[in-house]
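Read off the chains here:
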Amino acid sequence: AASDVYKRQQHYHDAYEIYLQADGERYLFLDDICYTLKQGDLVILKPFDIHYMESRDIDFYERYVLNFSSDMLSGILTKTETDILFDNIKSCVFHLNDEQFTLILDYFKKIDAFSNRIGLLSEKLALSSVFQLVSVIKDLSKNAEIITSQNTPPEIVTAIDYTLSLIHISEP
């Protein structure tokens, strides 16, 4: 099917993506690094990050994915509040402990439930849950150990990150 081909090609979204691996195993390719995603792994992708995912050895996996624009929260946050919320959020992969996994999974389920409701406040409840999810992830990511590729030594990843931070593209 066309959707299967799309999923196996590098692509990007013009919005944030939060991906929770709930069961099984998948592979994420991001910034020329391959990550093996297992239960409890959380992926944060910023808009326009080129990536793709695939399953190799197993057919079954369970995941939760949320794509959203930061502008979506303008119904409940000011521009300044939105800027503060998304300040320093970086694309990364990190592993959640059982308690964190349950917490994040509950937010995904709340967002899904509110998104499928019809009613006066359903949209605001869904937006509020997205806001809460991003807030919790931002707090968790401050203390999280970022997962690096199993094939790339951490020193190399650090050197690449440092080099990329020095590169500035200037407009003429």
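All residue numbers refer to positions counted from 1 along the written sequence of the respective chain. Owing to the predicted nature of the model, reporting of local features is limited to residues with pLDDT of at least 70; listing and counting of side-chain atom pairs is limited to 80 or more, with chain, interface and lining totals taken over all residues. Calculated side-chain values reflect all of the structure's heavy atoms, with hydrogen atoms and water omitted.

A.B. asks: Which parts of the structure should I look at to understand the side chain of H11?
C.D. replies: Structurally, the position occupied by H11 is in the loop between α1 (2–7) and β1 (16–24). Looking at H11, the relative accessible area reads 12%, which means it is buried. Among the polar contacts listed, one links the side chain of H11 to the side chain of H13, at a separation of 3.4 Å. Each helix corresponds to a stretch of at least 4 residues labelled H or I by DSSP, and each strand to a stretch of at least 2 residues labelled E; elements are numbered beginning at the N terminus. Only protein chains enter the accessibility calculation, which uses a 1.4 Å probe; a residue is then buried when its area is under 20% of its type maximum, exposed when over 50%, and partly exposed in between. Pairs of N or O atoms within 3.5 Å make up the polar contacts considered here, provided that, within protein, one atom can donate a hydrogen while the other can accept it, and that residues adjacent in sequence are counted only when both atoms are side-chain atoms.

A.B. asks: I keep staring at the packing of aromatic side chains and nothing clicks. Help me out?
C.D. replies: Given two aromatic rings, one states the distance between the centres and the angle between the planes to describe the pair. Any pair of Phe, Tyr and Trp rings, taking the six-membered ring for Trp, is counted once the centres come within 6.5 Å. Such a pair is stacked with planes under 30 degrees apart, edge-to-face with planes over 60 apart, and tilted for the rest. One pass over the full model with this rule turns up six aromatic pairs. Ring centres 4.6 Å apart and planes at 15 degrees place the aromatic pair F29 and Y52 in the stacked group. Here Y52 lies in strand β5 (residues 51–54) and F29 lies in strand β2 (residues 26–30), a separation of 23 residues in the sequence. Given the relative accessible area of 18%, Y52 is considered buried. Each ring, one from F68 and one from F86, has its centre 6.1 Å from the other, and the planes form 50 degrees; the classification is tilted. Residue F68 is found in strand β6 (residues 61–68), and its partner F86 is found in helix α2 (residues 79–86); the two are separated by 18 residues along the sequence. Of the two residues, F68 and F86, both sit in the buried class. A positively charged side chain is recorded as over a ring if its NZ (Lys) or CZ (Arg) lies within 6 Å of the ring centre. The angle to the ring normal must also be within 35 degrees. The ring of Y61 has R26 sitting right over it, with the charged end atom 4.2 Å from the ring centre.

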